2 protein chains.
Amino acid sequence: MRESANRKAFAKISGAAPVVIDVQPAIDVVPGMARNIILTSGASMPWERYYGGQRAAVLGAAEYEGLASNPLAAEEKIRSGEIVVAGCHDYGCVGSLAGIYTASMPVFVVDNPVSGNRSFCNLFEGKSPFRLNYGVYNQKVRDNLIYLQDEIAPILGRVIRASGGVELSPIIKRALHMGDELHSRNTAATLLFNQKVFPALMKETKAAETSANKLYEYLSGGDYFFLRLSMAASKAASDSAHGVEGSSMVTAMAFNCHDFSIRVSGLGDDWFSAKLPPVAAKLFPNHDDSEIEFMGGESTINETAGLGGFAQAAAFPLQEYQGGSVDHMIQMNLAMYQITLGEHPEYRIPYFSYRGTPTGIDIFRVVESGQSPVMDIGVAGKDGGQIGAGVLTAPVECFQQAVAAYRERYVS
Amino acid sequence: MRESANRKAFAKISGAAPVVIDVQPAIDVVPGMARNIILTSGASMPWERYYGGQRAAVLGAAEYEGLASNPLAAEEKIRSGEIVVAGCHDYGCVGSLAGIYTASMPVFVVDNPVSGNRSFCNLFEGKSPFRLNYGVYNQKVRDNLIYLQDEIAPILGRVIRASGGVELSPIIKRALHMGDELHSRNTAATLLFNQKVFPALMKETKAAETSANKLYEYLSGGDYFFLRLSMAASKAASDSAHGVEGSSMVTAMAFNCHDFSIRVSGLGDDWFSAKLPPVAAKLFPNHDDSEIEFMGGESTINETAGLGGFAQAAAFPLQEYQGGSVDHMIQMNLAMYQITLGEHPEYRIPYFSYRGTPTGIDIFRVVESGQSPVMDIGVAGKDGGQIGAGVLTAPVECFQQAVAAYRERYVS
């Protein structure tokens, strides 16, 4: 049964055809979202356990959304239950670093017509290392969020709608042939997306040249715009494979400021958690390892769906960004084939003679091989902001717990 | 002396900073161009020696330019000297496949302010395999050339001028990190160029939305748009290194329908020629090797300047287009370091841990090592049109002749 269940789960995750159809405020499109909800990354925890940048990001979000006038007031309202802190994944969303969704923030709406499910991701905040999702909230961060919400999101939504939606898999497939692994490197995918929406953007220029120019600057201002779309695409693919009775395939990997957690297709919505491991990071100049702080992260949904660390041999230029050698990247990427159920039919790696990316992590294979998933992540600093990038290796304990739960549930 | 001359030539070719500044009819910008001149690829030959697709392309060009009403009349005028057939390189131009420049055809104008020289390349004819430069001239080819000349070239020139010119080296540098080697693969470079000119293009839309849309379709309609720009950039770099007294560095490789030829920095404008070798090609479906026909080609200027076959380890996706394996591509690219004077300071290959591309072919190193330059080329068919792509290995005889000429001139 496990085998056939896994075949089904693998078919779902690798056969997804996610399409971004719109950009709308979270409150209008995310099922269950409410004015007083703040979503953050990783398995949900009691409020007391959030610390550092992830805690700061949630408090900043409360202030940004007008739910509290300062961090202290926000703390009180969270304790009293007036403000609810919840996990992104439980709302069809995925968080980059600390995550952070409030009701009025714009989100990409991504449909997966193959399985009829829908997922969401919020927008890249831009090139500044100081961003709410990296644990910083100040006037500059606030101004930028308002700019995204009032200036960028409305026209981006119009342009995506006028384009009839944009299919994400073909972009991901091509970007894998152009040096991207779609997690720490999104350079080609961002250009390819821009190319898709420019005809609609040019039509916009007649009506409102200023906002079209702003959008153009936003779209071409950094190479990470597309990360949020690949995340939503991976979420849509992974969610479509969730809930397959008997499947031991991982459908989410995420972390909060304490724990790394996984979800498994055949094991319901339980998270299997373990203490966060250290990250092998290459830091920006003038930073050192003592500054590294975990403040959540769900962009590892990309590795869950066969991208990022599972496609790093498609992205040798990553050496410059997150360190490591070509040989090590190849070796790590190859190791992921040991722990996955199959090879993605569309996402392929030129260096491996177009072999499909290793897709669909099997908790049994991880435990039996002792090989854990590797993930390409952005690294945040204690003072907030991004200070580098690196490779995270999942703690094997989550997978051991999941195997135990699987054995208990599906007495073999 | 040879050593210091070669140091100078290498510094010129690798230190060039080509900028495309305009698109104009050849007659208005190419020095020495005249209404009755047709430029074609490779070392110039007596008219009788041109055959097949290259001959057909020249005759088609005469008709296109209104110099003759049919091929027979064109032949007569060429024989009588009324129409002059000359080599692209002698006019600062480079020909793709058969080449083919007439007075009214639009060309990119590329300046290299570092050395104060200028070069030209005409425009990619579009995705159809049937193009004048692949030996085909009919109503469809003619209509397309007129479309390029009347619709695309004027707005492309305006947009490039409004952008203040576009620096080509930074685009090439980035594209090498995105799977391009800039000869048979130009996917990323084309997107990066588009990104540079879109702000100017959006401003155009107010005035003339139709032509802007046409330009957008042209720019994004194929991944080879940028090839003509990388060719002009390589020509500008190579020309800037030509004429260094005592240098044994190659400054051009080109072929006509008979011969493969090279020029050498310290040996004036003489071509050293040898019979064309066979090409190792991967053909489009429903074609076979017996259809392959050489009809000229100067895009090998890119290999001369450290791109194309000299950067193929940056472009593993080429496997699908021109055949070969990853290992063979790596091995061929590495072999080029044996025959070159240095490594390009800006053009680097991620797979080789960002080693600079092998740049500046030394005729002595080729002859002494027995290793010939390899080039990524498009392959034409006997009936005209492109039928595939492949790898051409230069005949060593050209280099032997050049070494003999060098020894004679610079009695050692």
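Rules of the game
- Residues numbered from 1 in each chain as written.
- Chains lettered and ligands numbered in written order.
- Predicted model: local features only at pLDDT ≥ 70, side-chain atom pairs only at ≥ 80, totals over all residues.
- Heavy atoms only, no water.
- Phe/Tyr/Trp six-rings, centres within 6.5 Å; stacked < 30°, edge-to-face > 60°.
- Helix = DSSP H or I, 4+ residues; strand = E, 2+ residues; numbered from the N terminus.
- Buried < 20%, exposed > 50% of the residue type's maximum accessible area, 1.4 Å probe, protein only.
- Pairing = 2+ DSSP bridges.
- Core = buried A, V, L, I, M, F, W, Y, C linked by side-chain atoms within 4.5 Å.
- Contact = heavy atoms within 4.5 Å.
- Domains from an automatic or database assignment.
- Buried area = accessible area lost by both parts, 1.4 Å probe.
- Salt bridge = Lys/Arg side-chain N within 4 Å of Asp/Glu carboxyl O.
- Polar contact = N/O pair within 3.5 Å; in protein donor to acceptor, adjacent residues only side chain to side chain.
- Least-squares fit on C-alpha atoms with pLDDT ≥ 70 in both.
- Nonpolar A, V, L, I, M, F, W, Y, C, P; charged D, E, K, R; others polar.
- 1 Å grid on protein atoms, 1.4 Å probe; cavity = no way out; pocket = protein on both sides within 12 Å on 5 of 7 lines; lining within 4 Å.
- Points joined across faces, edges and corners; volume = space filled by probe spheres on them.
- Disulfide = S-S within 2.5 Å.
- Expected span 1.5 Å × (residues − 1).

*Asks:* Help me understand the packing of aromatic side chains, please; the structure alone is not making it clear to me.
*Replies:* For any pair of aromatic rings, the description consists of the separation of the ring centres together with the inter-plane angle of the planes. Throughout the structure, instances matching the rule amount to 21 aromatic pairs over all chains. Relative to Phe-198 of chain B, the ring of Phe-198 of chain A has its centre 4.1 Å away and its plane inclined at 10°; by these criteria the two rings are stacked. A residue pair is termed interchain when its members come from two chains, as with Phe-198 of chain A in helix H7 (residues 187-207) and Phe-198 of chain B in helix H7 (residues 187-207). For the residue pair Phe-198 of chain A and Phe-198 of chain B, the accessibility class agrees, reading buried in each case. The interplanar angle of 90° and the centroid separation of 5.6 Å between the aromatic rings of Phe-255 of chain A and Phe-294 of chain A together place this pair among those described as edge-to-face. Taken as a pair, Phe-255 of chain A in strand E9 (residues 250-255) and Phe-294 of chain A in the loop between strand E13 (292-293) and helix H10 (301-304) lie far apart in primary sequence, 39 residues in all. With a relative accessible area of 15%, Phe-294 of chain A lands in the buried category. Ring-pair connections join several aromatic residues into one group, and the members of that group are Phe-316, Tyr-337, Tyr-351 and Phe-352 of chain A together with Phe-316, Tyr-337, Tyr-351 and Phe-352 of chain B.

*Asks:* Explain the sheet that holds strand E17 (residues 386-393) of chain B to me, please; I cannot follow it from the model alone.
*Replies:* Residues and elements named next belong to chain B. Strand order in the open sheet formed by 4 strands is E12-E17-E16-E13, and the pairing between neighbours is antiparallel. The outermost strands of the open sheet, each flanked by one partner alone, are strand E12 (279-283) and strand E13 (292-293). Pairing of E12 with E17, which is carried by 5 bridges, proceeds in the antiparallel orientation. Within E17, the position partnered with Lys-282 by the bridge is Ala-389.

*Asks:* What should I look at first to understand the nonpolar core in this one?
*Replies:* The nonpolar side chains of a soluble globular protein tend to be buried with one another. Tyr-351 of chain A together with Tyr-351 of chain B are the most contacted members of the largest nonpolar core, which totals 146 residues. The contact partners of Tyr-351 of chain A, leaving out residues within four places of it in the chain, are Ala-313, Phe-316 and Ile-330 of chain A together with Phe-316, Val-326, Ile-330 and Tyr-351 of chain B.

*Asks:* Where do I start with the environment of Ala-274 of chain A in this structure?
*Replies:* Residues and elements named next belong to chain A. Tracing the sequence through the fold places Ala-274 in strand E11 (residues 272-275). Spatially, the C-alpha atoms of Ala-274 and Asn-6 are 24 Å apart, while their sequence positions differ by 268 residues. Leave out the neighbours within four places in its chain, and Ala-274 touches His-258, Asp-259, Phe-260, Pro-395, Glu-397 and Cys-398.

*Asks:* Looking at this structure, I do not really get the environment of Ala-314 of chain A. What am I missing?
*Replies:* Residue and element names in this part refer to chain A. Among the structural elements, Ala-314 can be located in the loop between H10 and helix H11 (318-322). Of the residues examined, Ala-314 reaches a relative accessible area of 8% and is grouped as buried. Note: C-alpha distance between Ala-314 and Gly-342 (28 residues apart in sequence) is 18 Å. Among residues more than four places away in sequence, those in contact with Ala-314 are Leu-176, Gly-179, Asp-180 and Ile-349.

*Asks:* It is not clear to me how the domain arrangement of chain A should be interpreted in this structure. Could you clarify?
*Replies:* Interface extent is often summarised as the accessible area lost during association of the parts. Residues and elements named next belong to chain A. When its domains are assigned, chain A resolves into domain 1 (17-230) and domain 2 (247-409). Computed from C-alpha atoms alone, the centre-to-centre distance between domain 1 and domain 2 is 22 Å. On the side of domain 2, 49 residues touch domain 1, which itself brings 41 residues to the contact. Counting the surface lost from both domain 1 and domain 2, the interface buries some 3500 Å², and carbon and sulfur atoms represent 56% of this. Three residues, His-89, Tyr-134 and His-183, lead the burial of domain 1 against domain 2; their summed loss comes to 19% of the area buried on that side. At the boundary of domain 1 with domain 2, the tally comes to 3 salt bridges. Glu-346 is the partner of Lys-173 in a salt bridge, and the nearest nitrogen-oxygen pair spans 3.2 Å. Run the count over domain 1 and domain 2 and you get 21 residue pairs in polar contact (both at pLDDT 80 or more).

*Asks:* What should I look at first to understand the relation of the copies chain A and chain B in this one?
*Replies:* A rotation about an axis combined with a shift along that same axis relates the two copies of the chain. Rotating chain A by 180° about the axis while translating it 0.0 Å along that axis superimposes it on chain B, leaving an RMSD of 0.0 Å. Expressed as an axis order, the relation between the two copies is that of a two-fold axis. By C-alpha distance to the rotation axis, the residue of chain A lying nearest is Met-178 of chain A, at 2.1 Å. Both copies contact each other with a shared surface, as 100% of the interface residues of chain A are interface residues in chain B too.

*Asks:* In this structure, what is going on with the interface of chain A and chain B? I would like to understand it.
*Replies:* On the chain B side, the residues contacting the 35 residues of chain A number 35 residues. The contact between chain A and chain B buries some 3000 Å² in all, and 62% of this surface belongs to carbon and sulfur atoms. Taken together, the connections running from chain A to chain B amount to 0 salt bridges. Taken together, the links from chain A to chain B amount to 7 residue pairs in polar contact (both at pLDDT 80 or more). Of all elements in the fold, only H7, helix H8 (209-220), H11 and helix H12 (326-335) of chain A reach the threshold of two or more residues within the side of chain A that touches chain B. No other element matches the 14 residues that H7 of chain A contributes to the side of chain A that touches chain B. Taken together, the residues that form the side of chain A that touches chain B break down as 17 nonpolar, 10 polar and 8 charged.

*Asks:* What exactly am I supposed to notice about empty space enclosed by the protein here?
*Replies:* A water-sized probe rolled over the atoms picks out the places where empty space is left. Overall, the coordinates contain 8 cavities of 30 Å³ or more when judged by the stated rule. Estimates place the volume of the largest cavity at around 160 Å³. Considering only residue class, the lining of the largest cavity consists of 18 nonpolar, 4 polar and no charged.

*Asks:* Looking at this model, I keep getting lost on the state of the cysteines. Mind explaining?
*Replies:* Each disulfide is one covalent bond, formed between the sulfur atoms of two cysteines. Here the structure, examined in full by the defined rule, presents 0 disulfides over all chains. Not part of a disulfide, Cys-93 of chain A finds its nearest cysteine sulfur in Cys-88 of chain A, a span of 6.3 Å.

*Asks:* How should I be thinking about helix H3 (residues 52-64) of chain A in this particular structure?
*Replies:* The periodicity of an α-helix, 3.6 residues per turn, causes residues three or four places apart in sequence to face the same way. Residues and elements named next belong to chain A. The terminal C-alpha atoms of H3, which comprises 13 residues, lie 18 Å apart, in line with the 18 Å expected from a rise of 1.5 Å per residue. Along H3, 10 of the 13 residues are buried, which leaves the element largely enclosed by surrounding structure. Residues of H3 that are buried: Gly-53, Gln-54, Arg-55, Ala-57, Val-58, Leu-59, Gly-60, Ala-61, Ala-62 and Tyr-64. Buried-residue contacts for H3 involve strand E2 (37-40), helix H4 (71-80), strand E3 (84-87), strand E5 (99-101), helix H5 (139-162) and E13.

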